[in-house]
Amino acid sequence: MEGMIALYIFMLAAFVGYEVISRVPVILHTPLMSGSNFVHGIVLVGAMVALGNANSTLEQVIGFVGVLLAAGNAVGGYVVTERMLEMFKSSGSGGKKGTH
Amino acid sequence: MQGLITADQAIQFSYWITAILFIMGLKRMSSPVTARSGILWAGAGMVVATVITFLTPGMANFGLIAIAVVLGSVIAAWSGKRVAMTDMPQMIALYNGMGGGAAAAIAAVELYKLSDPAHAGTTHDTAVLALAVIGGLIGAVSFSGSLIAFAKLQGLINKSLRFGGQQILNLLLLAGALALGAMVALGIDQSAGVVTTFFVVALVLGLTMTLPIGGADMPVVISLYNALTGLAVSFEGFVLGNSAMIIAGMVVGAAGTLLTQLMAKAMNRSLGNVLFSGFGDTGGEAQGTVTGSMKPIEATDVGVMMAFAQKVIVVPGYGMAVAQAQHKVWELCQLLIERGVTVKFAIHPVAGRMPGHMNVLLAEAGVPYDIIADLDEINAEFETCDVALIIGANDVVNPVARTDKSSPIYGMPILNADKSKNVIVVKRGKGAGFSGIENALFYLDNTRMLYADGQRAAIDLIGAVKAVG
């Protein structure tokens, strides 16, 4: 990728990240941290490509571990975020217990 | 093949869609009304990106990839489904560490290729190599650091390891890692040995950076590592020319940095303080002397007191959640509300173990939003409150934070529970809190101690209020 274009993408993405959550209420800090944790699970696609292009056994082992960890990041991040946010469904009505 | 799109174009387009879904998802997650749909949007983006990546031209090892994806997914889904809400912070730390480890693994594969004869002749830009090295360093630090954070919050490590010259050691490790990384990036020595040493030093740095930090500061640290993993993912995305990783990683890097600042602010700690001062666990050293004695009270007396009160403010803390008492506490509050008592919950920004954690736990018990107030809303109300019920909270109601300059928590905004007419503290024993600081509130004249496990106390209080009739 062209160096300068990458720099622009880095910069714009950073502003987007900052703006998107700049007015988040405290009650959503934990779910949002968990949600952003899930989003960097996109490292999975990179780990897949790295393993897909690995030749030596060493590279394959590291690549395999990488995909394993990345899949854990993505799926685990999704599951816990979804569980936390599920409770915000019945906000205000009260008395209802979130399902597990 | 004019008119048909290539696999590469399809992949790039799908990554673009994924980036949009991620940003829209995060945007929706930042408002309580749309939060739930936000994770669904982001999840859809992840599925699109993962599936399309299998079409990447020139890939091999499909069997290994599939096994690793399925294995990692199943283990994570299983653990994520069964973890208790109280343990969420350390699970986030664990999953975050896995992401950091994956970013470091990508860097490792790329860097080991430099000395692999099968790749002889392929040269990389210095800029690309530099980003691979930096991303690898950050990812490895985030990996080992997050594992320590997980172990600390899970109670696997109780002590904070601290010794003289710790900062110097960390600086030396950082300098060593950077020097080794520079050797690889500049092509001075790209042998497998140097690359291995580089990663070992980076992993050790993550350990020595995190071990001295006390448990109370862990939320800020986890948030910081979350941001760092985002950055590492973004840099490795540049190395692989993967736009989805570049954008998503950088968005998380920036959002995570902002979240870290917000959390540190809520705890009245600066990030530098958290990383370098080492407060936040069993200090025990030279606490200010507290005069007076703790005065016990029975649950039946508290029941009468609350039943005839006009206003009761409940101050829940992590201890309540550990005792799984939130459902019973809410049952107690419903009894009081039926009697015409005004009941409110006062939430400190760091109640629970992270900002917002307590809100999740109360939401789980079914407590409606409109009676949950945060620090700024509720603090003036304590003066008109008949009973403040402190259950499982400690440092966040310690008046020392207002008065004693020598206290480590001096200056931290606290809930002014000591201003209410009666203060009831539910506590298991006489020990100090998570931070190990003696609590002056317990010794005040208007404070009574109800010694019981949170769950037991709530059940007894329900009985006591019912007995009033």
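Residues numbered from 1 in each chain as written. Chains lettered and ligands numbered in written order. Predicted model: local features only at pLDDT ≥ 70, side-chain atom pairs only at ≥ 80, totals over all residues. Heavy atoms only, no water.

Draft legend 1. Representation of the overall build of chain A. Looking only at helices and strands, one finds four helices and zero strands in chain A. Helices and strands in chain A line up, N terminus first, as α-α-α-α. Buried residues in chain A amount to 59% of all 100 residues. Across chain A, every contact between residues at least 6 apart in sequence was considered, and the portion connecting residues at least 24 apart equals 63%. Surface accessibility of chain A: about 3,700 Å² in total, with carbon and sulfur atoms responsible for 66%. (Helix = DSSP H or I, 4+ residues; strand = E, 2+ residues; numbered from the N terminus. Buried < 20%, exposed > 50% of the residue type's maximum accessible area, 1.4 Å probe, protein only. Contact = heavy atoms within 4.5 Å. Areas by Shrake-Rupley, 256 points an atom, 1.4 Å probe, with all protein chains shown as cover.)

Draft legend 2. Just the packing of aromatic side chains, in detail. Scanning the entire structure with this criterion turns up seven aromatic pairs over all chains. Taken together, a centroid distance of 5.7 Å and an interplanar angle of 35° make the contact between phenylalanine 13 of chain B and tryptophan 16 of chain B tilted. Of this pair, phenylalanine 13 of chain B and tryptophan 16 of chain B both sit in helix α1 (residues 7-29), three residues apart, which is roughly one turn of that helix. An aromatic cluster is present here, built from Phe10 of chain A together with Phe235 and Phe238 of chain B joined pairwise through their rings. (Phe/Tyr/Trp six-rings, centres within 6.5 Å; stacked < 30°, edge-to-face > 60°.)

Draft legend 3. Fine view of the interface of chain B and chain A. In this assembly, 102 residues from chain B lie in contact with 84 residues from chain A. Between the two partners, chain B and chain A, sit one salt bridge. For glutamate 82 of chain A, the salt bridge is made with arginine 36 of chain B, and the minimal N-O distance between the two is 2.7 Å. The interface formed by chain B and chain A includes 16 residue pairs in polar contact (both at pLDDT 80 or more). Of the residues assigned to the side of chain B that touches chain A, the class counts are 66 nonpolar, 29 polar and seven charged. (Salt bridge = Lys/Arg side-chain N within 4 Å of Asp/Glu carboxyl O. Polar contact = N/O pair within 3.5 Å; in protein donor to acceptor, adjacent residues only side chain to side chain. Nonpolar A, V, L, I, M, F, W, Y, C, P; charged D, E, K, R; others polar.)

Draft legend 4. Molecular detail of the pairing of strand β1 (residues 311-316) of chain B. Residue and element names in this part refer to chain B. In terms of burial, β1 is a largely internal element, six of the six residues being buried. Burial of the side chains of β1 extends over both faces: Lys311, Ile313 and Val315 are buried on one face and Val312, Val314 and Pro316 on the other. Bridge count for β1 against strand β2 (residues 342-347) is four bridges, and the pairing is parallel. Bridge assignment links valine 314 to a residue of β2, and that residue is phenylalanine 345. With five bridges connecting them, β1 and strand β4 (residues 387-391) associate as parallel partners. Note on β4: the bridge partner recorded for valine 314 is leucine 389. (Pairing = 2+ DSSP bridges.)

Draft legend 5. Region of the structure containing the sheet that holds β1 of chain B. Residue and element names in this part refer to chain B. Taken in spatial order, the six strands of this open sheet run β3-β2-β1-β4-β5-β6, and their pairing is parallel. In this open sheet, the two strands that pair with only one neighbour each are β3 (372-374) and β6 (447-451). Within the sheet, the average angular offset between the axes of one strand and its neighbour, ignoring direction, is 25°. Helix-sheet contacts for helix α14 (residues 357-365) involve β1, β2 and β3, and the interaxial angle to β2 is about 140°. (Axes fitted to C-alpha atoms, helices over the stretch in contact; angles between N-to-C directions.)

Draft legend 6. Representation of the side chain of threonine 56 of chain B. Relative to the helices and strands, threonine 56 of chain B resides in the loop between α2 (35-53) and α3 (62-82). Polar side-chain contacts of threonine 56 of chain B include one of 2.6 Å to the backbone oxygen of threonine 53 of chain B. Residues within four places of threonine 56 of chain B in sequence aside, it is in contact with Val49 of chain A together with Ile11 of chain B.

Draft legend 7. Examining the packing of helix α3 (residues 43-52) of chain A against helix α4 (residues 88-112) of chain B more closely. Running from N to C, α3 of chain A and α4 of chain B point in directions that differ by 30°, and their axes come no closer than 9 Å. With respect to α4 of chain B, the element α3 of chain A is oriented roughly parallel. Of the two elements, α3 of chain A crosses α4 of chain B, and the hand of that crossing is left-handed. Together, Val43, Gly46, Ala47 and Ala50 of chain A of α3 of chain A and Gly99, Ala102, Ala103, Ile106 and Val109 of chain B of α4 of chain B make up the contact between the two elements. When the residues that make up the contact of α3 of chain A with α4 of chain B are grouped by side-chain class, the tally is seven nonpolar, two polar and no charged. (Parallel < 35°, antiparallel > 145°, perpendicular 65-115°, else oblique. Left-handed = near helix turned anticlockwise from the far one by under 90°.)

Draft legend 8. Structural detail: the domain arrangement of chain B. Residue and element names in this part refer to chain B. Domains assigned within chain B are domain 1 (83-276) and domain 2 (299-468). Taking the mean C-alpha position of each, domain 1 and domain 2 sit 38 Å from one another. Taken together, the two surfaces of domain 1 and domain 2 that pack against each other cover about 1,400 Å², and 72% of this comes from carbon and sulfur. For domain 1, the biggest contributors to the area lost against domain 2 are Met85, Thr86 and Ala266; these three give 38% of the whole. Between the two partners, domain 1 and domain 2, sit zero salt bridges. (Domains from an automatic or database assignment. Buried area = accessible area lost by both parts, 1.4 Å probe.)

Draft legend 9. Highlighting the nonpolar core. Membership of the largest hydrophobic core comes to 190 residues, with the highest contact counts inside it found for Ile42 of chain A together with Phe345 and Ile390 of chain B. No other element matches the 16 residues that α4 of chain B contributes to this core. Residues from two domains meet in this core; each of domain 1 (83-276) and domain 2 (299-468) of chain B gives at least three. Excluding residues that lie within four positions of it along the chain, isoleucine 42 of chain A makes contacts with Thr18, Phe22, Met46, Ala49, Val233, Ala244, Met245 and Ala248 of chain B. (Core = buried A, V, L, I, M, F, W, Y, C linked by side-chain atoms within 4.5 Å.)

Draft legend 10. Structural detail: α4 of chain B. Helix length check: α4 of chain B (25 residues) gives 36 Å between terminal C-alpha atoms against 36 Å at 1.5 Å per residue, within 8%. With 24 of 25 residues buried, α4 of chain B lies mostly within the body of the structure. (Expected span 1.5 Å × (residues − 1).)

Draft legend 11. Representation of α1 of chain B within the structure. For α1 of chain B, which comprises 23 residues, the first-to-last C-alpha distance of 32 Å matches the rise-based estimate of 33 Å (1.5 Å per residue) to within 8%. Of all the positions in α1 of chain B, only Ala10, Ile11, Ser14, Tyr15, Thr18, Ala19, Leu21, Phe22, Gly25, Leu26 and Met29 of chain B are classed as buried. Against α1 (3-20), α2 (29-39), α3 and α4 (57-86) of chain A together with α2 and α9 (243-266) of chain B lie the buried residues of α1 of chain B.

Draft legend 12. Local environment of the pattern of salt bridges. Residue and element names in this part refer to chain B. One pass over the full model with this rule turns up eight salt bridges over all chains. We note a salt bridge from lysine 344 to glutamate 381, for which the minimum N-O separation is 3.1 Å. Of this pair, lysine 344 sits in strand β2 while glutamate 381 sits in the loop between α15 (375-378) and β4, placing them 37 residues apart in sequence. You can call lysine 344 partly exposed: its relative accessible area is 22%.

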